[in-house]
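Survey of secondary and tertiary structure
Okay, here's what each chain looks like letter by letter:
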Amino acid sequence: MIPQALKAKKSAVLVLVLVLVLVLVLVLGDRAKSNIKVGVLHSLTGTMASSEIPLVDAVRLAVEEANQAGGVNGAQIEMIVSDCRSDANYCAQQAEKLITQDGVQALFGCWTSACRKAVKPVVEKHHHLLFYPVQYEGLEQSPDIIYTGAAPNQQVIPMVSWALQQYGKRAYLIGSDYVFPRTANQIVKKLLQAHQAQYLAERYVPLAEQDFEPIARDIVKQHPDFVLNTLNGDSNQYFFRALQKAGLRAEEVPVFSTSISEAELAAMGPELMSGHYVAWNYFQSVQSDENRRFIERFRSRFGQQRVLDDPMEASYIGVRLWVNAARSSGTLDINAIKRHLDTATLAAPEGVVAVDGITRHLWKQVRIGRARDDGQFDIVWESARSMAPAPYPFFIPDADRRALEKAAP
């Protein structure tokens, strides 16, 4: 028989083990519950994947840096990444899921304006918070969206104005057939009119279009002073291949693009676009200590051959702005975080940025770059200082503005 004292000892040990297991479960459970979830909405498949996948890495870098610095009010940040599949309506469904089922505290994502416009009513219905990182056509603002990319006066308008000054007054417009290109070109046509300039043609193709030889031949035939390119996604590489095949060189007819950055150049081959122009707020070639440190941190994490671009930097600073606002407010209450965002500033790789509390866009510096053979850009022009965002261009009358908003696809 087992002595009574031994039985009691074994029972005590068993109880102690059970208590320790229970404590461990409770601690791990509390730790898991304390994680703050954020949603990332980007296309990992489809025609927009090559542009959007790098943005997920930029968000990840910012999240990991925040976690290494203690997280938000002692809690770690957990990313939930949803593949939008290059489908705006599907992306809106994923936004609904992230908010209502996954319980995320903020959303970071979308590229195309079609995607943003599909996600916007979901975010506004729940009075939630979306950080949108890409330049766009303007004519929009929302209390529930922070626009970390450029408004029209911070990209397309100064780019076209510079092209008119440098190359002439005959423009050719080519774009993907959706919200941003069509609306942006309506703004551009008003600008051309104000400069007594003209557009020779206005062409639109479906997203993922690959056959650009007829358009390339038309450009050769009409020989504009410059081309304004608002194509998005993989179509850009086919467009520039068609231009190359047609024998059209940048020295003869320069192309000014709104959605090609270092990441797209790396994917399509920089030789296709050498000598042509883009406009952004950030280039990897920006010379500043803040940017050099940003590049070093990103490459240490994701590989020394990786490149950085404007939408990636805008994605990164979106997370930084949210983290700073959440820390400052001391709470996860979305309304409190929004109030702190209204006056937020940040020393970003592109330079100091600040949230405009009225429009919820950022004050940003504007830069125009010329593509090099090595996949980087020479900055050929930049604004003297940060420019206030103007999502509603001042030179468009209210009646025309309302018509543009109504007509936007």
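Throughout what follows, the structure given in this document is the object of discussion. Remember, it's a predicted structure, so these values are computed and weren't measured experimentally.

Turning next to the pattern of salt bridges. Using the criterion set out here, one finds 23 salt bridges in the structure. Across the salt bridge formed by Glu-213 and Lys-245, the nearest N and O atoms sit 2.8 Å from each other. Taken together, the residues span a long stretch of sequence, with Glu-213 in helix H7 (residues 213–222) and Lys-245 in helix H8 (residues 235–245) at a distance of 32 residues. With relative accessibility at 33%, the residue Glu-213 sits in the partly exposed group. Overall, the relative accessible area of 65% leaves Lys-245 in the exposed class. Here Arg-372 makes a salt bridge to Asp-378, at a shortest N to O gap of 2.9 Å. The structure contains a network of salt bridges with shared partners spanning Arg-116, Lys-117, Glu-137 and Glu-140.

If you walk through the whole model with that rule in mind, you get one disulfide. Paired through a disulfide, Cys-84 and Cys-91 show a sulfur-sulfur distance of 2.1 Å. The burial state of Cys-84 is the same as that of Cys-91; both residues are buried. Just so you know, Cys-110 is unpaired, no disulfide at all, and the nearest cysteine sulfur is the one on Cys-115, 3.1 Å from it. On the basis of relative accessibility, which here comes to 0%, the residue Cys-110 falls in the buried class.

Along strand S10 (residues 277–280), one buried face is formed by Tyr-277 and Ala-279 and the opposite face, lined by Val-278 and Trp-280, is buried too. Here strand S9 (residues 255–257) pairs with S10 via two bridges, running parallel. Directly across from Ser-257, in S10, lies its bridge partner Val-278. Following the chain from S9 across helix H9 (residues 262–268) to the adjacent parallel S10, one finds a crossover that is right-handed.

Residue Cys-110 is not a glycine yet carries a positive backbone phi of 75 degrees. Counting through the fold element by element, Cys-110 comes out in the loop between strand S3 (107–109) and helix H4 (113–125). For His-223, which is not glycine, the phi torsion reads 45 degrees and is therefore positive. For His-223, the location among the structural elements is in the loop between H7 and strand S8 (226–230).

With that settled, consider the environment of Val-179. Counting through the fold element by element, Val-179 comes out in helix H6 (residues 179–194). Residue Val-179 is classed as buried on the basis of its relative accessible area, which comes to 3%. Between the C-alpha atoms of Val-179 and Cys-115, which are 64 residues apart in sequence, the distance is 9.6 Å.

On to the packing of aromatic side chains, then. The final tally for this structure, using the stated rule, is 16 aromatic pairs. Between the aromatic rings of Phe-108 and Phe-131, the centroid separation amounts to 4.9 Å while the plane-to-plane angle is 15 degrees, which identifies the pairing as stacked. With Phe-108 in strand S3 and Phe-131 in strand S4 (residues 130–132), the pair connects residues that are 23 residues apart, well separated along the chain. Owing to a relative accessible area of 4%, Phe-108 belongs among the buried residues under this scheme. The class for Phe-131 is buried, based on a relative accessible area of 3%. Taken together through their ring pairs, the aromatic side chains of Trp-162, Tyr-167, Phe-226, Phe-256 and Tyr-277 make up a single cluster. Geometry around Tyr-132 places Arg-116 over its ring, the cationic atom sitting 4.9 Å from the centre.

This part is about the sheet that holds S9. On the basis of which strands lie adjacent, the open sheet formed by seven strands has the order S7-S6-S8-S9-S10-S14-S15 and mixed pairing. What marks the edges here is a single partner per strand, and that holds for strand S7 (198–205) and strand S15 (377–382). With direction set aside, neighbouring strand axes in the sheet form an average angle of 25 degrees. Looking at chain direction, S8 and S9 are connected through three bridges and run parallel. Residue pairing for S9: Leu-228 is matched across the bridge by Phe-256. Lying on the sheet, H6 is in contact with strand S6 (170–176), S7 and S8; it crosses S7 at an angle near 180 degrees.

What counts and how
Going along each chain's sequence as written, the residues are numbered from 1 onward. Where local features are concerned, this predicted model is filtered to residues with pLDDT of at least 70; where side-chain atom pairs are given and counted, the filter is 80 or more; whole-chain, interface and lining totals use all residues. Note that the side-chain values use all heavy atoms of the structure and ignore hydrogens as well as water. When a carboxyl oxygen of Asp or Glu lies within 4 Å of a side-chain nitrogen of Lys or Arg, that pair is called a salt bridge. Comment: elements are numbered from the N terminus, with helices defined as DSSP H or I runs of at least four residues and strands as E runs of at least two. Accessibility here uses a 1.4 Å probe with only protein chains present; expressed as a share of the type maximum, an area under 20% marks a residue as buried, one over 50% as exposed, and anything in between as partly exposed. In this description, the term disulfide denotes a pair of cysteine sulfurs within 2.5 Å. The criterion for strand pairing is that DSSP finds at least two bridges linking the strands in question. By convention, orient the strands away from the viewer: a clockwise path from the first strand over the helix to the second makes the crossover right-handed. Aromatic contacts are taken between Phe, Tyr and Trp rings whose centres are within 6.5 Å, Trp giving its six-membered ring; a plane angle under 30 degrees counts as stacked, one over 60 as edge-to-face, and the others as tilted. Only lysine NZ and arginine CZ atoms are considered, and such an atom sits over a ring when it is within 6 Å of the ring centre and within 35 degrees of the ring normal. Whenever a helix is involved, its axis is fitted only over the stretch in contact; in every case the axis is a line through C-alpha atoms, and angles between N-to-C directions fall within 0 to 180 degrees. Residue contacts are defined here by distance: any two heavy atoms, one from each residue, within 4.5 Å place the two residues in contact.

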